[in-house]
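A closer look at the structure
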Amino acid sequence: MSDFEIAKAQFEDWSVDVEQAIREVSKIPISVHCWQGDDVAGFEVSKGLSGGGIQATGNYPGRARTPDELRSDLEFSYSNIPGNHRLNLHAMYLDCDTNPDRDEIEFSHFHSWADWAKTQKIGIDFNPTFFAHEKADDNLTLSHPDSGIREFWIEHGKRTREIAAEFGRQQGNPCYNNIWVPDGYKDNPISRIIARKRLRESLDTILEQKFEQTELLDSVESKLFGIGVEACTIGSHEFYLGYALENDIVLCIDTGHFHPSENVSDKLSSLALSLNNLLLHVSRPMRWDSDHVILQDDNILAMAHELVVSNILDKTAIGLDFFDATISRTAAWVIGTRNMQKSLLRAFLTPLNVLNEVEEALDFSKRLMITEEIKDLPFGSIWNEFCRRNNVPTGQRLISVLDQYQVSVSDR
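Below is a short write-up of the structure.

Analysis parameters
Residues numbered from 1 in each chain as written. Predicted model: local features only at pLDDT ≥ 70, side-chain atom pairs only at ≥ 80, totals over all residues. Heavy atoms only, no water. Helix = DSSP H or I, 4+ residues; strand = E, 2+ residues; numbered from the N terminus. Rg over C-alpha atoms; globule rule 2.2 N^0.38 Å. Contact = heavy atoms within 4.5 Å. Areas by Shrake-Rupley, 256 points an atom, 1.4 Å probe, with all protein chains shown as cover. Lys, Arg positive; Asp, Glu negative; His and termini not counted. Charge placed at Lys NZ, Arg CZ, Asp CG, Glu CD. Axes fitted to C-alpha atoms, helices over the stretch in contact; angles between N-to-C directions. Parallel < 35°, antiparallel > 145°, perpendicular 65-115°, else oblique. Left-handed = near helix turned anticlockwise from the far one by under 90°. Nonpolar A, V, L, I, M, F, W, Y, C, P; charged D, E, K, R; others polar. Patch = residues over 30% accessible without salt bridge, like charges linked within 9 Å, V, L, I, M, F, W, Y side chains within 5 Å. Salt bridge = Lys/Arg side-chain N within 4 Å of Asp/Glu carboxyl O. Buried < 20%, exposed > 50% of the residue type's maximum accessible area, 1.4 Å probe, protein only. Polar contact = N/O pair within 3.5 Å; in protein donor to acceptor, adjacent residues only side chain to side chain. Pairing = 2+ DSSP bridges. Right-handed = clockwise from strand over helix to strand, strands pointing away. Phe/Tyr/Trp six-rings, centres within 6.5 Å; stacked < 30°, edge-to-face > 60°. Lys NZ or Arg CZ within 6 Å of the ring centre and 35° of its normal.

What follows concerns the overall build of the chain. Counting its secondary structure elements, the chain contains 14 helices and 10 strands. At 22 Å, the chain has a C-alpha radius of gyration in line with the 22 Å of a compact globule built from 412 residues. Seen through its principal axes, the chain has C-alpha atoms that stretch 70 × 50 × 40 Å. A separation of at least 24 residues holds for 80% of the contacts in the chain among residues at least 6 apart in sequence. Just so you have it, the chain exposes about 18200 Å², and 47% of that area is on carbon and sulfur atoms. Taken as two groups, the 40 positive and 64 negative side-chain charges of the chain have centres that lie 1 Å from each other.

Right under this line is the structure:
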């Protein structure tokens, strides 16, 4: 018997359908974030990364400098990740010969991305870029007291929705367009509600135009605080939760945007009871929102477990949001995405029927015994088989492939 067959039999002893678990993980697309590949620099002319607490640290060789280099790196990364996935694209990654400002962008500036996505057979998600711009230097955009600055960013938001909707039309499935703004104050403001009213009014204006949900799904993303906005973040979790409920749009939960002591996975089942759709941006906060490459750590495993146990994967889109410039960027993509998949596979390999039965019987001793014993089951053999079926490497072979590619781009 092969290692897989032996492992499969051990899981079946716990009434786990291994083939079904593999099928379920195979169906889940992960939206891979483009900004890991170039350290959140983007391809605008004379724009630099600043504002909003966004920072990629390190100077590892191989950063993508052009759209073609970034797409090449993505193609390599996708080829080493089992399954079919998506691309999460920011508005600052336009690909054109001109230099439109943020309030002038059109779908034509991203047409090459749509063409490329068709050849790769992947879907695209989109994000307006409300940072790294001179009109965001005050860390205020949609809530800025200057109506002219607000109008600039409102127009940017409108145009990104139009672009996202066109992506959705062309790819035949909805494009998530996720709104995050860096707005806030470094020190204690006199009035928080005035700025929040301005943010709400700006969002209302951006969302006035209606699109088919088969083309576009709008989402809003909260944050606890950022560099330069330590005292008050206008778009807090409570603000966006209320706004998403009021307007029936998607709420984005970024795992790095909460206090380190908060259990983000615990929020999911509660939110799913009231919201029709959720979006995840998964990162690993070493010290709050530090956006390290995700591991199979307790937080990610708990999140995957909650998604599976609560049966909310059908209403939850999973995207990634980490950027580490101290290591190989392509390796970061591959390792992080595969770790998200590994965590989901582990969740599907949990004997839920058995555990739910003992929990409902209030047999907490047996629940503890089972949850500890199943940790010793040979998960690695199931993962290796999943990768084999998708023709992607594992173990030493994966490390060799990642190293070889990094050597090939190190002279950039």
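Still more to cover.
Next up on the list: the environment of Met1. Inspection of the secondary structure assignment puts Met1 in the segment before helix H1 (3-12). Here the alpha-carbon distance between Met1 and Ala114, two residues 113 residues apart in the chain, equals 46 Å.

Viewed as axis vectors pointing N to C, H1 and helix H13 (residues 379-389) meet at an angle of 125°, and their least axial separation amounts to 8 Å. On the basis of their axis angle, the class for H1 and H13 is oblique. Note on packing geometry: the crossing formed by H1 with H13 is left-handed. Between H1 and H13, the contacting residues are Asp3, Phe4, Ala7, Lys8 and Phe11 on the first element and Phe379, Ser381, Ile382, Glu385 and Arg389 on the second. Of the residues assigned to the contact of H1 with H13, the class counts are five nonpolar, one polar and four charged.

What follows concerns a negative patch on the surface. A surface patch of negative charge is lined by Glu201, Asp204, Glu208 and Glu246. What makes Glu246 exposed here is its relative accessible area of 57%.

Considering the arrangement of structural elements, one finds Asp39 in the loop between strand S1 (30-33) and helix H3 (67-78). Here Arg329 takes part through its side chain, which lies 2.8 Å from a polar atom of the side chain of Asp39.

For Ser15, which is not glycine, the phi torsion reads 65° and is therefore positive. Looking at where Ser15 falls in the secondary structure, it is placed in the loop between H1 and helix H2 (18-26). Taking the relative accessible area as the measure of exposure, Ser15 reaches 58% and is therefore exposed. Its identity as a non-glycine residue notwithstanding, Leu362 has a phi of 60°, on the positive side. The residue Leu362 is located in the loop between helix H11 (352-360) and helix H12 (364-373) in this model. The exposure class assigned to Leu362 is exposed, which follows from its relative accessible area of 59%.

Turning to the pattern of salt bridges, a few remarks are in order. Within the structure shown, the criterion is met by 22 salt bridges. Between Asp125 and Arg86 there is a salt bridge; the shortest N-O distance is 2.9 Å. In this pair, Asp125 sits in strand S3 (residues 123-127) while Arg86 sits in strand S2 (residues 86-90), placing the two residues 39 residues apart along the sequence. The residues Asp125 and Arg86 share a single accessibility class, namely buried.

Next up on the list: the pairing of S2. Across the five residues that make up S2, a large majority, five, are buried. Side chains Arg86, Asn88 and His90 of S2 all project onto a buried face; the interleaved residues Leu87 and Leu89 project onto the opposite face, where all are buried too. Bridge count for S1 against S2 is three bridges, and the pairing is parallel. Residue Val32 lies in a different strand from S2, and its bridge partner there is Leu87. In this fold, the crossover linking S2 to S3 by way of helix H4 (residues 111-120) has right-handed handedness.

Val18, Glu19, Ala21, Ile22, Glu24 and Val25 are the residues of H2 that are buried. Buried residues in H2 make contact with H1, helix H10 (329-348) and H13. Backbone nitrogen of Glu19 and a side-chain oxygen of the N-cap are separated by 3.3 Å at the start of H2; the cap is Asp17.

Turning to the side chain of Asn88, a few remarks are in order. Considering the arrangement of structural elements, one finds Asn88 in strand S2. The exposure class assigned to Asn88 is buried, which follows from its relative accessible area of 3%. Side-chain polar atoms of Asn88 contact the side chain of Asn127, separated by 2.7 Å. In contact with Asn88, other than residues within four places in its own chain, are Ser31, Val32, His33, Cys34, Trp35, Asp125, Phe126, Asn127, His281 and Leu320.

This part is about the packing of aromatic side chains. Scanning all chains against the criterion turns up 13 aromatic pairs. Between the aromatic rings of Phe126 and Phe167, the centroid separation amounts to 5.8 Å while the plane-to-plane angle is 50°, which identifies the pairing as tilted. Highlighted residues: Phe126 in strand S3 and Phe167 in helix H5 (residues 147-171), separated in sequence by 41 residues. Of the two residues, Phe126 and Phe167, neither departs from the other in class, the shared state being buried. Relative to Tyr240, the ring of Phe239 lies with its centre 5.1 Å away and its plane at 85°, an arrangement referred to as edge-to-face. Here the aromatic cluster, defined as three or more aromatic residues joined through ring pairs, consists of Phe107, Phe110, Phe126 and Phe167. Positioned above the aromatic ring of Trp113, the side-chain terminus of Arg71 is 4.7 Å from the ring centre. Over the ring of Phe152 we find Lys135; its NZ or CZ atom is 4.8 Å from the centre of that ring.

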